[in-house]
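# A closer look at the structure
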Amino acid sequence: MPLITTIDDLEALARQRVPKMFYDYAQGGSWTESTSRINLADLAKIKFRQRIGVNIETRNLATNIVGQSAAMPVVLGPIGMCGLQRADGEILAARAAEASGVPFCLSTMSICSIEDLAQHVRQPFWFQLYIMRDRSFVEKLIMRAHEAKCPVLVVTLDLQILGQRHKDLRNGLSAPPKLTPRFLLDLLLRPQWSLEMLQTRRRGFGNIVGHVSGVKDMASLSAWTSAQFDPSVTWSDVAWIRKLWKGKLIVKGVMESEDARKAIDVGADGLVISNHGGRQLDGAPSSISALPKIKKLVGAETELLFDGGVRSGQDVLRALALGADSVLLGRAYLYGLGAMGQEGVRLCLEIIERELSLTMGFCGRTDVRSVDEDIVIV
């Protein structure tokens, strides 16, 4: 086992252990992947101000995220098909998040269902919602999340239509995957993944199968899913959800100030500044470049969560400095999951925490809640 000290190390190990179809799904972006790359590049351009002569012996990363105590300002963000990076992936990741004291958010398109995950964790988790054409199904999902005691509902608005992801098209991505000769060969090269997947019953979309009329197997699910993403969604649909949902409501996919204002007007408690990790509109600006202008608009009025290109604790600190209250991890923890299961996610969070604490200290700050733009050179 190589020494793991960075998220890059976890990614390299995940590339070896996860079938190419699912590794590419996690790693890839849409079209030319320019937005995916610029998310990383623009974060790296932000330089820190080194400060000295400050007592940094004791440093505090604890904070609150939309009313929930957290060991650091980090959330494991919602990821579709998480359970195909590793068998029972959502359960493993949620347990790692729980042990590390940070929130976990389950995706609508998860392999593990809301109810299944609720039986395997002790702390409430968040739920992410896609607004499907079948509004009765959406309403039932909201009720199921409420019954599972999810404190936060994250409504994603930037996936009404699917960005063209060439890697997924070339790989023939599906859940569960089609047993083509190429995929079978891939499985032979990754025996641990294959054995664990054979031993679990969780291989389809658990939040959908058995909960939708006419969807009883993967063939009928595929047809249903392809017809369900709804290009007609508007802010009135979010207002409808706000009336149904009694907990905290976060809108994900905000990149423009006008949309931030509309989200607040319909009752959002928080916003996720996100271009979907460069997986939707290729050619869009980086998430970090959109953050300061939205922070200027909302001030302290609305909680801001940041998503896009975070691969280190230093990236977390950069986002906090430019106005985020907390940060969503996506690919970073998915690499940990693919590499080492629950231990890999725990290790990912440990790496993030250590880098965040050290960098904050070098910048002369001892409390993460005191971080502001004075610690960086943009």
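Residues numbered from 1 in each chain as written. Predicted model: local features only at pLDDT ≥ 70, side-chain atom pairs only at ≥ 80, totals over all residues. Heavy atoms only, no water.

### Quick word on the nonpolar core
Ranked by size, the top nonpolar core spans 114 residues in total, and within it Leu10, Phe104, Leu271 and Tyr333 carry the most contacts. Counting residues per element, this core draws most heavily on helix α15 (residues 331-362), at 15 residues. If we skip the residues at most four places from it in the chain, Tyr333 touches Leu76, Gly77, Ile79, Cys82, Ala93, Phe104, Val345 and Cys348. Val66, Val75, Val154 and Ile250 belong to the second largest nonpolar core, which has 12 residues in total. (Core = buried A, V, L, I, M, F, W, Y, C linked by side-chain atoms within 4.5 Å. Buried < 20%, exposed > 50% of the residue type's maximum accessible area, 1.4 Å probe, protein only. Helix = DSSP H or I, 4+ residues; strand = E, 2+ residues; numbered from the N terminus. Contact = heavy atoms within 4.5 Å.)

### Some details on helix α9 (residues 191-199)
Considered for burial, the residues of α9 that qualify are Trp193, Ser194 and Met197. Along the long axis of α9, the arc covered by the buried residues comes to 95 degrees, so they all point the same way. Looking at α9, the residues exposed on the side facing more than 90 degrees away from the buried face are Pro191 and Gln199. Where α9 is buried, its residues meet α1 (7-17), α2 (20-27) and α8 (181-188). (Arc of directions from axis to C-beta.)

### Describing a nonpolar patch on the surface
Among the surface-exposed residues, Leu185, Leu188 and Leu189 lie close enough to one another that they form a single nonpolar patch of about 350 Å² accessible area. In this fold, Leu188 is placed in helix α8. The class of Leu188 is exposed, set by a relative accessible area of 67%. (Patch = residues over 30% accessible without salt bridge, like charges linked within 9 Å, V, L, I, M, F, W, Y side chains within 5 Å. Areas by Shrake-Rupley, 256 points an atom, 1.4 Å probe, with all protein chains shown as cover. Salt bridge = Lys/Arg side-chain N within 4 Å of Asp/Glu carboxyl O.)

### Looking at the pattern of salt bridges
Under the criterion given, the structure shown has 27 salt bridges. A salt bridge links Lys45 to Asp42; the shortest N-O distance between them is 3.4 Å. Remark: Asp42 and Lys45 occur in helix α3 (residues 34-45); sequence separation between them is three residues, near one turn of the helix. Residue classification places Asp42 among the buried residues on the basis of a relative accessible area of 16%. Glu350 is the salt-bridge partner of Arg346, the closest N and O atoms lying 2.7 Å from each other. In this pair, Arg346 and Glu350 are both assigned in helix α15, four residues apart and thus about one turn of the helix distant. If you follow the salt bridges from partner to partner, you end up with Asp8, Glu11, Arg15 and Arg311 in one network.

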